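An overview of the molecular structure
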Amino acid sequence: MNYFISGGCKNGKSYYAQQVARDTAREKGLPLYYLATMIPTDEEDRARIRRHLAERDGWGFETVEQGTDICSCLEGTTVDGNPVNPSGVFLLDSVTALLQNEMFKTDGTIDLGAADKLEKELTEFAKKTGNTVFVSDYIYSDAFIYEDFTEEYRRGLAQLDKALAKICDQVVEVAYGFISEYK
Amino acid sequence: MVLIFGGAYQGKLEFAQDNFDIKDSDIFRCSEDADLDYTKKVFVNFHQFILGCVKRGVEAKDVLADNREFLNDKIFIVDDISQGVVPMDKELRAWREMVGRTMLYLSKESDSVYRVFCGIGQQIK
(Lines give C-alpha, C1' and ligand atoms only; values in the text may rest on other atoms or scores of the structure.)
Protein backbone atom coordinates (compact mmCIF):
# COMPACT_ATOMS: atom_id res chain seq x y z
CA MET A 1 0.00 0.00 0.00
CA ASN A 2 1.35 3.42 -0.99
CA TYR A 3 0.67 6.45 1.19
CA PHE A 4 0.72 10.15 0.43
CA ILE A 5 1.06 12.48 3.40
CA SER A 6 1.11 16.27 3.27
CA GLY A 7 0.46 19.26 5.50
CA GLY A 8 2.08 22.44 6.73
CA CYS A 9 5.63 22.81 8.04
CA LYS A 10 6.32 21.41 11.56
CA ASN A 11 2.84 19.91 11.86
CA GLY A 12 3.91 16.38 12.77
CA LYS A 13 3.95 14.92 9.25
CA SER A 14 7.31 13.19 9.57
CA TYR A 15 6.45 11.64 12.90
CA TYR A 16 3.14 10.33 11.57
CA ALA A 17 4.85 9.07 8.40
CA GLN A 18 7.49 7.26 10.47
CA GLN A 19 4.77 5.48 12.43
CA VAL A 20 2.91 4.43 9.28
CA ALA A 21 6.11 3.11 7.67
CA ARG A 22 7.26 1.26 10.80
CA ASP A 23 3.84 -0.33 11.41
CA THR A 24 3.57 -1.44 7.76
CA ALA A 25 7.04 -3.02 7.87
CA ARG A 26 6.26 -4.82 11.14
CA GLU A 27 2.90 -6.05 9.93
CA LYS A 28 4.28 -7.40 6.67
CA GLY A 29 7.68 -8.48 7.98
CA LEU A 30 9.53 -6.31 5.47
CA PRO A 31 12.76 -4.34 5.71
CA LEU A 32 12.27 -0.68 6.64
CA TYR A 33 14.12 2.06 4.77
CA TYR A 34 14.40 5.77 5.30
CA LEU A 35 15.07 7.52 2.01
CA ALA A 36 17.14 10.56 2.83
CA THR A 37 16.64 13.07 0.03
CA MET A 38 18.35 16.22 1.26
CA ILE A 39 21.74 17.00 -0.24
CA PRO A 40 23.56 18.88 2.54
CA THR A 41 25.21 22.11 1.42
CA ASP A 42 26.26 23.69 4.72
CA GLU A 43 26.64 23.14 8.45
CA GLU A 44 22.96 24.03 9.08
CA ASP A 45 21.92 21.16 6.78
CA ARG A 46 24.37 18.76 8.39
CA ALA A 47 23.05 19.66 11.85
CA ARG A 48 19.48 19.04 10.63
CA ILE A 49 20.50 15.62 9.30
CA ARG A 50 22.13 14.73 12.63
CA ARG A 51 18.94 15.76 14.44
CA HIS A 52 16.78 13.66 12.12
CA LEU A 53 19.11 10.67 12.53
CA ALA A 54 18.83 10.96 16.33
CA GLU A 55 15.03 11.22 16.07
CA ARG A 56 14.86 8.01 14.04
CA ASP A 57 17.24 6.16 16.34
CA GLY A 58 15.66 2.96 17.62
CA TRP A 59 12.85 2.91 15.03
CA GLY A 60 14.55 0.25 12.94
CA PHE A 61 15.14 2.30 9.80
CA GLU A 62 18.03 1.61 7.48
CA THR A 63 19.07 4.83 5.78
CA VAL A 64 19.35 5.10 2.00
CA GLU A 65 20.71 8.35 0.57
CA GLN A 66 19.38 9.47 -2.80
CA GLY A 67 18.96 13.15 -3.70
CA THR A 68 18.29 12.79 -7.44
CA ASP A 69 17.27 10.03 -9.89
CA ILE A 70 15.29 8.43 -7.11
CA CYS A 71 14.62 5.05 -8.74
CA SER A 72 18.33 4.25 -8.98
CA CYS A 73 18.48 3.68 -5.20
CA LEU A 74 16.46 0.49 -5.70
CA GLU A 75 19.53 -1.03 -7.30
CA GLY A 76 21.93 0.51 -4.78
CA THR A 77 22.93 -0.02 -1.16
CA THR A 78 22.10 1.49 2.22
CA VAL A 79 24.60 3.79 3.93
CA ASP A 80 25.76 0.67 5.82
CA GLY A 81 26.51 -1.10 2.53
CA ASN A 82 23.60 -3.57 2.49
CA PRO A 83 21.82 -4.08 -0.85
CA VAL A 84 18.40 -2.39 -1.00
CA ASN A 85 15.41 -4.73 -1.28
CA PRO A 86 12.84 -3.05 -3.61
CA SER A 87 10.00 -4.93 -1.86
CA GLY A 88 10.77 -3.21 1.43
CA VAL A 89 8.87 -0.35 3.03
CA PHE A 90 10.24 3.07 2.06
CA LEU A 91 9.72 6.35 3.83
CA LEU A 92 10.42 9.05 1.24
CA ASP A 93 10.81 12.33 3.11
CA SER A 94 10.41 14.46 1.13
CA VAL A 95 9.00 15.02 -2.34
CA THR A 96 9.67 18.72 -1.71
CA ALA A 97 13.44 18.17 -1.34
CA LEU A 98 13.57 15.92 -4.40
CA LEU A 99 11.98 18.60 -6.58
CA GLN A 100 14.38 21.17 -5.18
CA ASN A 101 17.36 18.95 -6.04
CA GLU A 102 16.09 18.19 -9.54
CA MET A 103 14.98 21.73 -10.35
CA PHE A 104 17.68 23.93 -8.82
CA LYS A 105 20.95 22.29 -9.82
CA THR A 106 24.14 22.69 -7.80
CA ASP A 107 25.82 24.38 -10.80
CA GLY A 108 23.25 27.19 -10.58
CA THR A 109 21.11 26.16 -13.55
CA ILE A 110 17.35 25.64 -13.33
CA ASP A 111 15.62 22.68 -14.94
CA LEU A 112 12.05 23.64 -15.80
CA GLY A 113 11.35 20.06 -16.88
CA ALA A 114 12.12 18.74 -13.38
CA ALA A 115 8.48 18.25 -12.31
CA ASP A 116 7.64 16.21 -15.43
CA LYS A 117 10.76 14.04 -14.93
CA LEU A 118 9.98 13.49 -11.24
CA GLU A 119 6.32 12.73 -11.88
CA LYS A 120 7.40 9.80 -14.07
CA GLU A 121 10.06 8.65 -11.60
CA LEU A 122 7.84 8.81 -8.51
CA THR A 123 5.03 7.00 -10.31
CA GLU A 124 7.53 4.29 -11.27
CA PHE A 125 8.88 4.21 -7.70
CA ALA A 126 5.39 3.72 -6.25
CA LYS A 127 4.69 0.93 -8.72
CA LYS A 128 8.00 -0.87 -8.19
CA THR A 129 7.97 -0.78 -4.39
CA GLY A 130 4.25 -0.87 -3.58
CA ASN A 131 4.95 0.10 0.03
CA THR A 132 6.15 3.67 -0.01
CA VAL A 133 5.14 6.51 2.29
CA PHE A 134 5.57 9.76 0.35
CA VAL A 135 5.83 12.95 2.41
CA SER A 136 5.29 16.37 0.84
CA ASP A 137 4.74 19.93 2.06
CA TYR A 138 1.58 21.95 1.64
CA ILE A 139 2.96 25.33 0.52
CA TYR A 140 -0.05 26.64 -1.38
CA SER A 141 -1.99 28.80 1.04
CA ASP A 142 0.00 31.92 1.77
CA ALA A 143 -0.80 35.48 0.75
CA PHE A 144 2.28 36.33 -1.25
CA ILE A 145 3.14 37.02 -4.86
CA TYR A 146 6.31 35.07 -5.65
CA GLU A 147 8.87 35.65 -8.38
CA ASP A 148 8.70 33.34 -11.38
CA PHE A 149 11.05 30.54 -10.31
CA THR A 150 9.48 30.09 -6.89
CA GLU A 151 6.03 30.14 -8.47
CA GLU A 152 7.19 27.52 -10.98
CA TYR A 153 8.49 25.42 -8.08
CA ARG A 154 5.10 25.68 -6.28
CA ARG A 155 3.28 24.73 -9.48
CA GLY A 156 5.67 21.80 -10.01
CA LEU A 157 5.29 20.49 -6.46
CA ALA A 158 1.49 20.69 -6.77
CA GLN A 159 1.77 18.67 -10.00
CA LEU A 160 3.67 15.94 -8.10
CA ASP A 161 1.29 16.05 -5.13
CA LYS A 162 -1.77 15.63 -7.36
CA ALA A 163 -0.16 12.78 -9.30
CA LEU A 164 0.81 10.96 -6.09
CA ALA A 165 -2.58 11.58 -4.44
CA LYS A 166 -4.13 9.95 -7.49
CA ILE A 167 -2.03 6.76 -7.48
CA CYS A 168 -1.57 6.26 -3.74
CA ASP A 169 -4.01 4.04 -1.83
CA GLN A 170 -4.21 6.39 1.10
CA VAL A 171 -4.04 10.21 1.14
CA VAL A 172 -3.67 12.01 4.44
CA GLU A 173 -3.30 15.60 5.58
CA VAL A 174 -1.61 16.23 8.91
CA ALA A 175 -2.50 19.50 10.65
CA TYR A 176 -0.84 19.98 14.05
CA GLY A 177 -0.96 16.26 14.69
CA PHE A 178 -4.58 15.92 13.54
CA ILE A 179 -5.16 13.52 10.68
CA SER A 180 -7.63 14.08 7.80
CA GLU A 181 -8.06 11.11 5.49
CA TYR A 182 -8.94 12.11 1.93
CA LYS A 183 -8.71 8.58 0.60
CA MET B 1 -24.41 28.94 -5.14
CA VAL B 2 -21.26 26.87 -4.67
CA LEU B 3 -17.90 27.74 -3.09
CA ILE B 4 -14.78 25.75 -3.97
CA PHE B 5 -11.57 26.71 -2.21
CA GLY B 6 -8.12 25.29 -1.56
CA GLY B 7 -4.46 26.17 -1.97
CA ALA B 8 -2.94 27.29 -5.26
CA TYR B 9 -2.63 24.67 -8.04
CA GLN B 10 -4.70 22.07 -6.18
CA GLY B 11 -6.94 21.27 -9.15
CA LYS B 12 -10.00 23.28 -8.06
CA LEU B 13 -11.28 24.11 -11.56
CA GLU B 14 -10.74 20.50 -12.71
CA PHE B 15 -12.72 19.36 -9.67
CA ALA B 16 -15.53 21.77 -10.60
CA GLN B 17 -15.51 20.56 -14.21
CA ASP B 18 -15.66 16.93 -13.09
CA ASN B 19 -18.57 17.49 -10.71
CA PHE B 20 -20.70 20.22 -12.26
CA ASP B 21 -22.03 20.82 -15.73
CA ILE B 22 -19.62 23.51 -16.95
CA LYS B 23 -18.91 24.62 -20.51
CA ASP B 24 -15.75 26.55 -21.35
CA SER B 25 -17.92 29.53 -22.22
CA ASP B 26 -19.35 29.49 -18.66
CA ILE B 27 -15.96 30.30 -17.14
CA PHE B 28 -15.01 33.84 -16.16
CA ARG B 29 -11.34 34.26 -15.21
CA CYS B 30 -11.22 37.04 -12.65
CA SER B 31 -8.49 39.65 -12.67
CA GLU B 32 -7.60 42.66 -10.55
CA ASP B 33 -8.96 45.22 -12.97
CA ALA B 34 -12.07 43.65 -14.51
CA ASP B 35 -15.61 43.90 -13.14
CA LEU B 36 -17.47 40.64 -12.65
CA ASP B 37 -19.44 39.39 -15.64
CA TYR B 38 -22.69 38.15 -14.11
CA THR B 39 -23.72 36.44 -17.36
CA LYS B 40 -21.03 33.78 -16.64
CA LYS B 41 -21.53 30.88 -14.27
CA VAL B 42 -18.08 30.12 -12.86
CA PHE B 43 -15.83 32.76 -11.29
CA VAL B 44 -12.28 31.36 -11.31
CA ASN B 45 -9.36 33.04 -9.47
CA PHE B 46 -11.86 35.01 -7.42
CA HIS B 47 -9.04 36.01 -5.04
CA GLN B 48 -7.65 38.12 -7.93
CA PHE B 49 -10.91 40.06 -8.11
CA ILE B 50 -10.60 40.62 -4.34
CA LEU B 51 -7.05 41.96 -4.78
CA GLY B 52 -8.50 44.47 -7.25
CA CYS B 53 -11.10 45.46 -4.65
CA VAL B 54 -8.32 46.09 -2.12
CA LYS B 55 -6.53 48.32 -4.61
CA ARG B 56 -9.71 50.28 -5.38
CA GLY B 57 -10.69 50.56 -1.71
CA VAL B 58 -13.91 48.56 -2.17
CA GLU B 59 -15.13 45.78 0.15
CA ALA B 60 -15.57 42.65 -2.01
CA LYS B 61 -18.38 41.14 0.04
CA ASP B 62 -20.37 44.38 -0.29
CA VAL B 63 -20.06 44.08 -4.07
CA LEU B 64 -21.43 40.54 -3.79
CA ALA B 65 -24.21 41.52 -1.39
CA ASP B 66 -25.29 44.36 -3.71
CA ASN B 67 -25.57 41.83 -6.54
CA ARG B 68 -26.90 38.94 -4.47
CA GLU B 69 -29.88 38.30 -6.81
CA PHE B 70 -27.46 37.37 -9.66
CA LEU B 71 -25.41 34.89 -7.61
CA ASN B 72 -27.74 31.91 -7.13
CA ASP B 73 -26.36 29.83 -10.03
CA LYS B 74 -22.70 30.83 -9.51
CA ILE B 75 -19.69 28.70 -8.65
CA PHE B 76 -16.92 30.64 -6.89
CA ILE B 77 -13.38 29.25 -7.06
CA VAL B 78 -11.02 30.91 -4.60
CA ASP B 79 -7.41 30.31 -3.55
CA ASP B 80 -7.12 29.92 0.21
CA ILE B 81 -4.31 32.36 1.07
CA SER B 82 -4.86 32.33 4.82
CA GLN B 83 -2.22 29.92 6.05
CA GLY B 84 1.17 31.51 5.49
CA VAL B 85 3.25 34.13 7.25
CA VAL B 86 1.61 37.55 7.74
CA PRO B 87 2.82 39.50 4.69
CA MET B 88 5.20 42.44 5.18
CA ASP B 89 3.40 44.35 2.45
CA LYS B 90 0.41 46.37 3.66
CA GLU B 91 -1.66 45.73 0.55
CA LEU B 92 -1.07 41.96 0.69
CA ARG B 93 -2.02 41.99 4.38
CA ALA B 94 -5.27 43.76 3.53
CA TRP B 95 -5.84 41.27 0.69
CA ARG B 96 -5.36 38.28 2.99
CA GLU B 97 -7.91 39.69 5.41
CA MET B 98 -10.44 40.67 2.74
CA VAL B 99 -10.24 37.21 1.18
CA GLY B 100 -11.05 35.81 4.63
CA ARG B 101 -14.07 38.08 5.10
CA THR B 102 -15.31 37.34 1.59
CA MET B 103 -14.92 33.57 2.07
CA LEU B 104 -16.98 33.79 5.27
CA TYR B 105 -19.75 35.55 3.31
CA LEU B 106 -19.53 33.06 0.42
CA SER B 107 -19.53 29.99 2.67
CA LYS B 108 -22.56 31.31 4.57
CA GLU B 109 -24.53 32.06 1.40
CA SER B 110 -23.49 28.94 -0.54
CA ASP B 111 -25.64 25.80 -0.70
CA SER B 112 -22.51 23.67 -0.78
CA VAL B 113 -18.83 24.28 0.01
CA TYR B 114 -15.89 22.11 -1.05
CA ARG B 115 -12.22 22.15 -0.15
CA VAL B 116 -9.81 20.67 -2.70
CA PHE B 117 -6.60 19.07 -1.41
CA CYS B 118 -4.07 17.70 -3.92
CA GLY B 119 -6.79 17.17 -6.53
CA ILE B 120 -9.25 15.54 -4.11
CA GLY B 121 -12.39 17.48 -3.19
CA GLN B 122 -14.08 17.17 0.19
CA GLN B 123 -17.55 18.57 0.82
CA ILE B 124 -17.60 20.55 4.05
CA LYS B 125 -21.11 22.00 3.69
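Described in the following lines is the structure provided in the data block. (Residues numbered from 1 in each chain as written. Chains lettered and ligands numbered in written order. Predicted model: local features only at pLDDT ≥ 70, side-chain atom pairs only at ≥ 80, totals over all residues. Heavy atoms only, no water.)

1. Details of the overall build of chain A
Counting its secondary structure elements, chain A contains 5 helices and 7 strands. Going residue by residue from the N terminus, the α and β elements of chain A occur as β-α-β-α-β-β-α-α-β-α-β-β. A compact globule built from 183 residues would reach a C-alpha radius of gyration of about 16 Å, and chain A, at 16 Å, matches this within 12%. Contacts spanning at least 24 positions in sequence make up 69% of the contacts within chain A whose residues lie at least 6 apart. Of the roughly 8,900 Å² of accessible surface on chain A, 51% is carried by carbon and sulfur atoms. Treating the 20 positive side-chain charges of chain A as one cloud and the 31 negative ones as another, the clouds have centres 3 Å apart. (Helix = DSSP H or I, 4+ residues; strand = E, 2+ residues; numbered from the N terminus. Rg over C-alpha atoms; globule rule 2.2 N^0.38 Å. Contact = heavy atoms within 4.5 Å. Areas by Shrake-Rupley, 256 points an atom, 1.4 Å probe, with all protein chains shown as cover. Lys, Arg positive; Asp, Glu negative; His and termini not counted. Charge placed at Lys NZ, Arg CZ, Asp CG, Glu CD.)

2. A few points about the sheet that holds strand β5 (residues 112-117) of chain B
Residues and elements named next belong to chain B. Spatial strand order, β2-β3-β4-β1-β5-β6: 6 strands in an open sheet with mixed pairing. With partners counted over all chains shown, the strands left at the sheet margins are β2 (27-29) and β6 (120-123), one partner each. Taking each pair of neighbouring strands and ignoring which way they run, the sheet shows an average axis angle of 20°. In the sheet, strand β1 (residues 2-6) pairs with β5 via 4 bridges, with the strands oriented parallel. In the sheet register, V2 faces β5, and the bridge partner there is S112. Lying on the sheet, helix α4 (residues 90-109) is in contact with β1, β4 (75-79) and β5; it crosses β4 at an angle near 150°. (Pairing = 2+ DSSP bridges. Axes fitted to C-alpha atoms, helices over the stretch in contact; angles between N-to-C directions.)

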